[in-house]
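# Analysis of the macromolecular model
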Amino acid sequence: MAASTIGAIGVIALFALLLLRVPVWIALTLVGFIGNSVMSGVTPTFALAGTVPFDTGSAYTLSVLPLFILMGEVASVTGLSSDLFKAARVILAGMRGGLAVGALAACACFGAVCGSSVATAATMTRIALPEMRKAGYDPGLAAGALAAGGSLGILIPPSIILVIYAAIAEQSVPRLFAAGLLPGLILTAFYMIVVVLVAFARKDYAPVGASVSLRERLAAMRDPWQFLLLFLVTIGGIYAGIFSPTEAASIGAFGAIVLGAVGGRLSLKALLRAIENTVVTCGILFVIIFGANLFSFFMVQTQLPSLLADGAHALNLSGPVVMTLIIVAYIVFGCFLEAIGMLLITVPVFLPLVKTFGYDPVWFGIIVVIVAEVGLIHPPVGLNLFVIQAHAPDIKITKIYTGIVPFLFAPLLLIVLMFLFPSIALWLPKLFYGAG
Amino acid sequence: MMNRNQAYVLLDRLRIAQLRLASMALIVMMVVTLLDVFLRYVFNSPVRGSYDLVETMMAVFVFHGMSTALLKRRNIVIDLIDSFGHRYLIAVLVRISDLLTIATLGLYAYAMITPALQAFNYGDLKMELGLPVWYLWAAALLGMAGAILCAIGALIAPADSHHDEEPA
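If you're wondering where the values come from, they're calculated on a predicted model, not measured in any experiment.

## Overview of the overall build of chain B
Helix and strand counts for chain B stand at four helices and zero strands. The N-to-C order of helical and strand elements in chain B reads α-α-α-α. In terms of its C-alpha atoms, chain B occupies a principal-axis envelope of roughly 65 × 35 × 30 Å. Looking at chain B as a whole, 49% of its 168 residues qualify as buried. Relative to all contacts within chain B whose residues are 6 or more apart in sequence, the contacts with residues 24 or more apart total 80%. Averaging the positions of the 12 positive and the 13 negative side-chain charges in chain B gives two centres separated by 9 Å.

## Regarding the interface of chain B and chain A
Taken together, the 58 residues of chain B in the interface contact 59 residues of chain A. Taken together, the two surfaces of chain B and chain A that pack against each other cover about 5300 Å², and 79% of this comes from carbon and sulfur. Here chain B and chain A share two salt bridges between them. At the level of elements, α1 (4-43), α2 (50-71), α3 (87-122) and α4 (133-156) of chain B are the ones that each hand at least two residues to the side of chain B that touches chain A. Broken down by element, the residue count for the side of chain B that touches chain A peaks at 14 residues, all from α3 of chain B. Of the residues assigned to the side of chain B that touches chain A, the class counts are 41 nonpolar, nine polar and eight charged.

## Focus on the packing of aromatic side chains
Under the counting rule described, the total for this entry stands at 20 aromatic pairs over all chains. Taken together, a centroid distance of 5.9 Å and an interplanar angle of 75° make the contact between Phe290 of chain A and Tyr108 of chain B edge-to-face. Of the two residues, Phe290 of chain A is situated in helix α14 (residues 268-302) and Tyr108 of chain B in helix α3; the pairing between them involves two chains. Phe290 of chain A gets classed as buried once you look at its relative accessible area, which sits at 0%. Residue classification places Tyr108 of chain B among the buried positions, given a relative accessible area of 1%. Grouping aromatic residues by their ring pairs yields a cluster made of Phe33 and Phe46 of chain A together with Tyr110 of chain B. Cation over ring: Arg87 of chain B sits above Tyr88 of chain B, and NZ or CZ is 5.0 Å from the ring centre.

## Focus: the pattern of salt bridges
The tally for this structure, following the rule as stated, stands at twelve salt bridges over all chains. In this structure, the salt-bridge partner of Asp83 of chain A is Arg265 of chain A, at a minimum N-O distance of 3.1 Å. Of the two residues, Asp83 of chain A sits in helix α5 (residues 80-91) while Arg265 of chain A sits in the loop between α13 (245-262) and α14, which places them 182 residues apart along the sequence. We classify Asp83 of chain A as buried; its relative accessible area is 16%. The partner of Arg40 of chain B in a salt bridge is Glu247 of chain A, with the nearest N and O atoms 2.3 Å apart. Within this pair, whereas Arg40 of chain B is found in helix α1, its partner Glu247 of chain A is found in helix α13, the two belonging to separate chains. For Arg40 of chain B, a relative accessible area of 25% corresponds to the partly exposed category. Three or more residues are tied together by salt bridges with common partners; here these are Glu247 of chain A together with Asp36 and Arg40 of chain B.

## Overview of the packing of helix α3 (residues 42-57) of chain A against α4 of chain B
Remark: α3 of chain A packs on α4 of chain B, axes separated minimally by 11 Å, with the N-to-C direction vectors making an angle of 100°. It follows that α3 of chain A is roughly perpendicular to α4 of chain B by the angle criterion. Between α3 of chain A and α4 of chain B, the residues in contact are Gly50, Thr51 and Phe54 of chain A and Val133, Leu136, Trp137 and Ala140 of chain B, respectively. Split by residue class, the contact of α3 of chain A with α4 of chain B holds five nonpolar, two polar and no charged.

## Quick word on helix α1 (residues 3-19) of chain A
What sets the pattern is the α-helix's 3.6 residues per turn: residues three or four places apart point alike. Residue and element names in this part refer to chain A. Taking 1.5 Å per residue, 17 residues should reach 24 Å; α1 reaches 25 Å between its end C-alpha atoms and fits that length. Among the residues making up α1, those that are buried are Ser4, Ile6, Gly7, Gly10, Leu14, Phe15 and Leu18. Structurally, α1 contributes buried residues whose contacts are with α2 (24-40), α14, α15 (304-314), α16 (319-333) and α17 (339-356).

## A word on the environment of Val173 of chain A
All names here are of chain A. By secondary structure assignment, the location of Val173 is in helix α10 (residues 173-201). Here the alpha-carbon distance between Val173 and Ile238, two residues 65 residues apart in the chain, equals 9.3 Å. Sequence-distant contacts of Val173, defined by excluding residues within four places in its chain, comprise Val163, Ala166 and Pro245.

## Some thoughts on unusual backbone geometry
Here the bond from Pro157 of chain A into Pro158 of chain A is cis, since omega is 0°, no more than 30 degrees from zero. Looking at the element boundaries, Pro158 of chain A is found in the loop between α8 (139-151) and α9 (160-169). A positive phi angle, close to 50°, is found at Asn44 of chain B, a residue other than glycine. Overall, Asn44 of chain B belongs to the exposed group, its relative accessible area being 66%.

## Brief notes about the side chain of Glu73 of chain A
All names here are of chain A. Mapping Glu73 onto the fold places it in helix α4 (residues 64-77). It is Arg273 that comes nearest to the buried, bridge-free Glu73 among opposite-charge side chains, at 6.9 Å. Discounting chain neighbours no more than four positions away, the residues touching Glu73 are Ala274, Asn277, Thr278 and Thr281.

## Observations regarding the environment of Pro132 of chain B
Residue and element names in this part refer to chain B. Residue placement: Pro132 occurs in the loop between α3 and α4. Put simply, Pro132 and Ala119 are 13 residues apart on the chain and 8.1 Å apart in space, counted from C-alpha to C-alpha. If sequence neighbours within four positions are ignored, Pro132 has contacts with Asp124 and Leu125.

## Considering a nonpolar patch on the surface
A grouping of Ile242 of chain A together with Phe38, Tyr41, Val42 and Phe43 of chain B is seen on the molecular surface, where their side chains present a nonpolar patch of about 520 Å² in accessible area. Relative to the elements of secondary structure, Val42 of chain B occurs in helix α1.

## Quick look at the packing of α13 of chain A against α1 of chain B
In the contact formed by α13 of chain A and α1 of chain B, the axes pass within 9 Å of each other and the chain directions differ by 105°. By the criterion of interaxial angle, the relationship of α13 of chain A to α1 of chain B is roughly perpendicular. Residues Thr246, Glu247, Ser250, Ile251, Ala253, Phe254 and Ile257 of chain A of α13 of chain A lie in contact with α1 of chain B, whose contacting residues are Met29, Met30, Thr33, Leu34, Asp36, Val37 and Arg40 of chain B. Taken together, the residues of the contact of α13 of chain A with α1 of chain B break down into eight nonpolar, three polar and three charged.

## Considering the side chain of Glu247 of chain A
For Glu247 of chain A, a relative accessible area of 8% corresponds to the buried category. Among the polar contacts made by the side chain of Glu247 of chain A, one reaches the main-chain amide nitrogen of Ser244 of chain A at a distance of 3.0 Å. Apart from residues lying up to four places away in sequence, Glu247 of chain A is in contact with Tyr60 and Ile242 of chain A together with Thr33, Asp36, Val37 and Arg40 of chain B.

How each quantity is defined
Residues numbered from 1 in each chain as written. Chains lettered and ligands numbered in written order. Predicted model: local features only at pLDDT ≥ 70, side-chain atom pairs only at ≥ 80, totals over all residues. Heavy atoms only, no water. Helix = DSSP H or I, 4+ residues; strand = E, 2+ residues; numbered from the N terminus. Buried < 20%, exposed > 50% of the residue type's maximum accessible area, 1.4 Å probe, protein only. Contact = heavy atoms within 4.5 Å. Lys, Arg positive; Asp, Glu negative; His and termini not counted. Charge placed at Lys NZ, Arg CZ, Asp CG, Glu CD. Buried area = accessible area lost by both parts, 1.4 Å probe. Salt bridge = Lys/Arg side-chain N within 4 Å of Asp/Glu carboxyl O. Nonpolar A, V, L, I, M, F, W, Y, C, P; charged D, E, K, R; others polar. Phe/Tyr/Trp six-rings, centres within 6.5 Å; stacked < 30°, edge-to-face > 60°. Lys NZ or Arg CZ within 6 Å of the ring centre and 35° of its normal. Axes fitted to C-alpha atoms, helices over the stretch in contact; angles between N-to-C directions. Parallel < 35°, antiparallel > 145°, perpendicular 65-115°, else oblique. Expected span 1.5 Å × (residues − 1). Patch = residues over 30% accessible without salt bridge, like charges linked within 9 Å, V, L, I, M, F, W, Y side chains within 5 Å. Areas by Shrake-Rupley, 256 points an atom, 1.4 Å probe, with all protein chains shown as cover. Polar contact = N/O pair within 3.5 Å; in protein donor to acceptor, adjacent residues only side chain to side chain.

Structure representation (structure tokens):
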């Protein structure tokens with residue numbers, strides 16, 4: 001049997017196992033293990049299965065994952081998000097749709113210290129949704145803004161998913177963090193524009209609140225200093241080349257703990273909960289990475305990505321057409337695959353294909369994360385939508401579905417812009433670290 | 001003879017012990033890296049062996065941190081079938097996943113024995129600390145053993161007590 005046929009059977013088996021409710025890490029491991037055994041024999045596969053977990057589980061470079069997750073967990077329990085929202089609300093007071101725009105700004109800022117989409121959506125929903133509803137906002141618009149804003153957490157650095165992409169695609173974390181910043185800011189701006197457009201089209205959806213003086217607005221800018229400090233020290237430190245990602249993550253986690261403790265907002269109990277949540281989250285992340293590594297070795301051996309590339313060339317498909325097909329595939333996968341699982345399953349297959357068409361792996365990483373964001377918010381299964389409904393069970397899911405629709409155009413527009421202007425993602429990495 | 005509940009309680013204690021060990025490893029990782037940065041920039045005297053120490057703590061953190069996730073079934077699963085499958089079918093699939101979890105962890109653990117023994121026999125050392133590498137392998141294998149026991153704990157727990165969760 002041809003190697004590529006074995007690869008195709010492996011991919012089909014993987015999806016069959018996933019649909020049968022087999023956990024992602026087990027499906028990846030089993031298919032990877034059996035596939036590698038068929039391709040290169042059982043003994044070398046056992047050697048691989050023995051070293052992969054150890055090499056991955058004791059890798060210094062991956063220590064950035066738990067440390068950034070800890071920073072996000074601590075930031076979640078210390079009420080940092082509340083400060084951000086309060087400041088944004090005052091600064092934008094009196095503007096139509098100002099509360100929703102403020103919530104989006106707070107989501108973007110919180111995502112910049114949290115790195116997790118679901119955590120950002122859940123935290124900001126708790127804080128901003130009751131206020132928006134009290135102010136008479138349409139529940140669909142409010143929920144849509146929060147779901148979209150929550151998804152920014154995985155694009156704006158530090159992003160957990162970008163660290164995982166870096167590990168699987170053998171790319172530099174600082175370079176990816178630099179690449180994610182501009183697209184993250186542009187997407188935030190697009191989401192804000194969507195809110196403003198909806199608010200002006202349907203004035204009853206977003207009533208204008210009371211205005212405040214310029215002095216009050218300026219004073220409000222001082223409140224989220226803790227966020228600014230954390231962001232400047234961690235991400236600024238990485239960008240400036242002062243700290244490695246692991247060092248920045250350690251400083252960020254420690255800084256979040258100190259700021260929380262000094263401000264009297266972090267009890268020992270809450271700190272322990274944050275640490276334990278980090279352990280549990282990483283426990284499952286790392287077994288998925290073990291499995292993804294085995295699966296990735298299998299894909300390399302089958303040369304399935306090369307076959308796909310050959311097929312695309314034989315059909316005279318251009319790079320943009322292939323990329324469009326890949327993006328459509330990601331949107332379909334996003335209907336039933338969780339973001340990290342989707343990334344780990346697909347990158348070993350798609351990245352070699354994308355490289356043959358001359359696309360930059362860093363640029364592709366950002367595209368994948370943006371598409372994963374779409375997966376988090378698009379009906380019927382976008383996870384952020386359910387996170388919001390879990391916090392506001394009285395809002396019908398159909399209302400949330402209709403509320404999110406206008407926001408779906410924003411990431412798609414950003415992807416188009418990134419095709420036309422790849423430097424949206426590649427300019428900052430080049431500026432900070434030179435040509436890759 | 002130990003009944004199912006007693007066994008579960010015992011395994012839950014093991015899980016808590018591993019969780020605490022992993023938590024401590026995380027704190028050590030954070031503190032060591034922080035000290036290293038501080039001493040390097042302020043006194044131009046970085047912590048000797050900080051890199052090795054972080055790698056060692058990572059092994060403890062990762063391999064002992066799995067147990068809670070496995071005992072509590074905090075896996076990422078595609079649960080499309082839940083919306084139309086009969087609950088008995090779902091319970092059977094959960095049980096099959098539990099069995100596969102044990103088998104897959106067993107596979108990893110078995111595969112890790114040979115390189116662990118090689119590290120022991122060859123006397124490999126960490127470059128900065130001079131720490132025998134087999135210490136790390138031992139920590140990893142102990143963590144794996146605990147994880148397998150906790151996966152067995154999930155098997156003896158009710159099938160409908162699963163909490164599939166999205167981690168990030």
